[in-house]
Amino acid sequence: MVRRAAGIRVERPTMQDLDALVDLWVALVADQRAHGTHLLPEENRSTARDVLSQYVATDRVFVARDPAREDPVGFVMYHVESGLYDEDAQRGVVDNVYVELPYRGAGVGSRLLDAAEDALREAGADVLAISVMADNERARELYESRGYGPHRHVMEKSAESDTQTKGDDEE
């Protein structure tokens, strides 16, 4: 059953929401296991709590709330990149987006993304980025429909793989 997004509020969480946010993060990672993430949900609960508390304290997270429930039904985390190198663009990064299954397909994820993108623009970002698991077709389609496109590809293989490409020096 898909719930309507009409009554859903997107707002800043408080520290009282931290336990519920951690539960949502664990659910996100559990879902991403089907798409190939190497993160372990429960094993990272404590670290996720530390990171989420920093994001809440620095206003870098929004939650979606159904008025019929006390706890959030979704969240988005984001930040403006700062690094060691000078760049020709200020990148705003959407770190995580998650919506509970009954609320998916009702525009809740888009509303969370809207809030994060607006906050990133207000913080000076002129390029927006989001990472997605290669096998997560539904999320990729959502992000592409919002104008996101490939920028960098990360490829991996098993360290035990014996597959090699013949190079010029292997003849």
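Residues numbered from 1 in each chain as written. Predicted model: local features only at pLDDT ≥ 70, side-chain atom pairs only at ≥ 80, totals over all residues. Heavy atoms only, no water.

**Q** Tell me what's going on with the pattern of salt bridges, and back it up with residues and numbers.
**A** Overall, the coordinates contain 14 salt bridges when judged by the stated rule. Close ionic contact of Arg45 with Asp23 constitutes a salt bridge, the shortest N to O distance being 2.7 Å. Taken as a pair, Arg45 in helix α2 (residues 45-57) and Asp23 in helix α1 (residues 18-32) lie far apart in primary sequence, 22 residues in all. Arg45 gets classed as partly exposed once you look at its relative accessible area, which sits at 27%. According to the relative accessible area criterion, Asp23 is partly exposed, its value standing at 43%. Across the pair Arg146 and Asp114 runs a salt bridge, and its minimum N-O distance is 2.6 Å. (Salt bridge = Lys/Arg side-chain N within 4 Å of Asp/Glu carboxyl O. Helix = DSSP H or I, 4+ residues; strand = E, 2+ residues; numbered from the N terminus. Buried < 20%, exposed > 50% of the residue type's maximum accessible area, 1.4 Å probe, protein only.)

**Q** Outline the environment of Gly83, listing residues and values.
**A** Structurally, Gly83 is set in the loop between β3 (72-80) and β4 (91-99). A relative accessible area of 61% means that Gly83 is categorised as exposed.

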